[in-house]
Amino acid sequence: DNTLRKKATVCRDVDPNDTFDPSVQWEGFATNTFDGLGAHVANTGVCTDVPPPPPPTPTLEIFEIQGNGLASPYAGQRVETLDAIVTAVGPNGFFIQTPDARVDANAETSNGIYVYTGSVPTVLVGDGVNVVGTVQEFFNLTELGNPGLTITVVSSGNALPTPVAFGATVPSPDRPQPATEMERYEGML
């Protein structure tokens, strides 16, 4: 017959199906010890029912999201890209591209990406948009989508980025072409 007080290092019973052993999660005191009754003083930061905050959403340029390989180095992660230009709109999404003034000039990375909305988007070609979304690979094409997709139009009537001109040397006429040959133009005009 003891008074029990939960140990300061214990927040809750993590396994309610295990055999009750008071020495594991409780401190024992003499019967009818009333100090601290109804209060559980936990070590600072040990007990909380508030989940930890999500990691900050990185703000990246499209070419950083795309990366220089066959898949995005950020696949499965939530990212943000700012002030990209809408270059085409379709029934379930739209394409955005880095404005010419901010391209990375790396021939191995794409400056365009698809934003999957799942329904008719409300953006127009020439809109400048901020997009937060989860990076996904869909049939080996990188896109931004749900969960957490938010689109904010920040300007309208912007000039479109310079299109890539395919010709005798673009894409490479070498055969076989490297696997990333078309990847570097993915989503671009």
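In this report, the structure presented in the accompanying data block is examined. Bear in mind that the values here come from a model prediction, so they are computed numbers and not experimental data. What you see as residue numbers is a count from 1 along each chain, following the sequence as written. It should be noted that, the model being predicted, local features are given only for residues of pLDDT at least 70 and side-chain atom pairs only at 80 or more, the latter also being counted only at that level, while totals for whole chains, interfaces and linings use all residues. Where side-chain values are given, they derive from all heavy atoms of the structure, hydrogens and water being excluded.

**Here's the deal with unusual backbone geometry**
So the rule is basically this: A run of DSSP states H or I qualifies as a helix once it reaches four residues; a run of E qualifies as a strand once it reaches two. Both are numbered from the N-terminal end.
Looking along the chain, the bond that leaves valine 170 and enters proline 171 is cis, with omega of -10°. Within the fold, proline 171 resides in the segment after strand S7 (141-155). With an omega of -10°, the peptide bond between arginine 175 and proline 176 qualifies as cis. Note that proline 176 resides in the segment after S7. For asparagine 32, which is not glycine, the phi dihedral falls at a positive 65°. When you line up the elements, asparagine 32 lands in the loop between strand S2 (26-29) and helix H2 (62-66).

**Notes on the packing of aromatic side chains**
Put simply, the rule reads: Working definition: a ring pair exists when centres of Phe, Tyr or Trp rings (six-membered ring for Trp) sit within 6.5 Å. Plane angles under 30 degrees give stacked, over 60 give edge-to-face, the rest tilted. For every residue, the accessible area (1.4 Å probe, protein chains only) is compared with the maximum for its type, and the residue is labelled buried under 20%, exposed over 50%, or partly exposed between those bounds. Remark: a charge is flagged as sitting over a ring if the NZ atom of Lys or the CZ atom of Arg is within 6 Å of the ring centre and within 35 degrees of the ring normal.
Summed over the entire model, instances satisfying the criterion amount to three aromatic pairs. On the basis of an interplanar angle of 55° and a centroid distance of 4.8 Å, the ring pair of phenylalanine 95 and tyrosine 114 is categorised as tilted. Of the two residues, phenylalanine 95 is situated in strand S4 (residues 93-97) and tyrosine 114 in strand S5 (residues 112-116); the sequence distance between them amounts to 19 residues. Owing to a relative accessible area of 31%, phenylalanine 95 belongs among the partly exposed residues under this scheme. Here phenylalanine 166 and tyrosine 185 contribute two aromatic rings whose centre-to-centre distance is 5.4 Å and whose plane-to-plane angle is 65°, an arrangement assigned as edge-to-face. Note that phenylalanine 166 is positioned in the segment after S7 and tyrosine 185 in the segment after S7, a separation of 19 residues in sequence. Phenylalanine 166 sits in the partly exposed class, given a relative accessible area of 47%. If you follow arginine 5 out to its NZ or CZ, it ends over the ring of phenylalanine 29, 4.3 Å from the centre.

**Concerning the nonpolar core**
Formally: By convention a nonpolar core is built from buried Ala, Val, Leu, Ile, Met, Phe, Trp, Tyr and Cys residues, the set being connected through side-chain atoms within 4.5 Å. Residues are treated as being in contact if the distance between any of their heavy atoms lies within 4.5 Å.
If you look at the biggest cluster of nonpolar residues, it comprises 16 residues, and the most contacted ones within it are Ile65, Phe94, Ile96, Val115, Val129, Val131 and Leu144. Of all the elements in the fold, those that place two or more residues in this core are H2, strand S3 (78-89), S4, S5, strand S6 (128-138) and S7. Once residues lying within four places of it in the same chain are set aside, the contact partners of leucine 144 are Ile65, Val79, Thr81, Ile113, Tyr114, Val115, Tyr116, Val131, Gly133, Thr134 and Val135.

**A closer look at the layout of surface pockets**
Sizing a probe to match a water molecule and rolling it over the atoms shows the empty space that remains. Selection criterion: In this analysis a 1.4 Å probe is tested at points of a 1 Å grid over the protein atoms alone, and where it fits but cannot get out there is a cavity; an open set with protein on both sides within 12 Å along at least five of seven lines is a pocket; lining residues have an atom within 4 Å of a point. Grid points are joined across faces, edges and corners, and a volume is the space filled by probe spheres set on the points. Classification used: nonpolar for Ala, Val, Leu, Ile, Met, Phe, Trp, Tyr, Cys and Pro, charged for Asp, Glu, Lys and Arg, polar for all others including Gly.
What the largest pocket holds in volume is close to 240 Å³. Lining the largest pocket are 15 residues, with Val103, Thr109, Asn111, Val164 and Met188 positioned closest to its centre. A class-by-class count of the residues in the lining of the largest pocket yields seven nonpolar, five polar and three charged.

**Considerations on the pairing of S6**
In plain terms, the rule: When DSSP finds two or more bridges between a pair of strands, those strands are recorded as paired.
Sheet analysis places S3 next to S6, joined by six bridges and oriented antiparallel. Bridging from a neighbouring strand, valine 79 pairs with glycine 133 of S6. In this structure, S6 lies alongside S7, joined through ten bridges in antiparallel fashion. Within S7, the residue paired with glutamine 136 across the bridge is glutamate 143.

**A closer look at the pairing of S7**
When a strand is regular, its side chains alternate between the sheet's two faces. Pairing of S5 with S7 involves two bridges; the strand directions are parallel. Bridging from a neighbouring strand, valine 115 pairs with leucine 144 of S7. Hairpin connection of S6 to S7: two residues between the antiparallel strands, including phenylalanine 139 at a positive phi of 50°.

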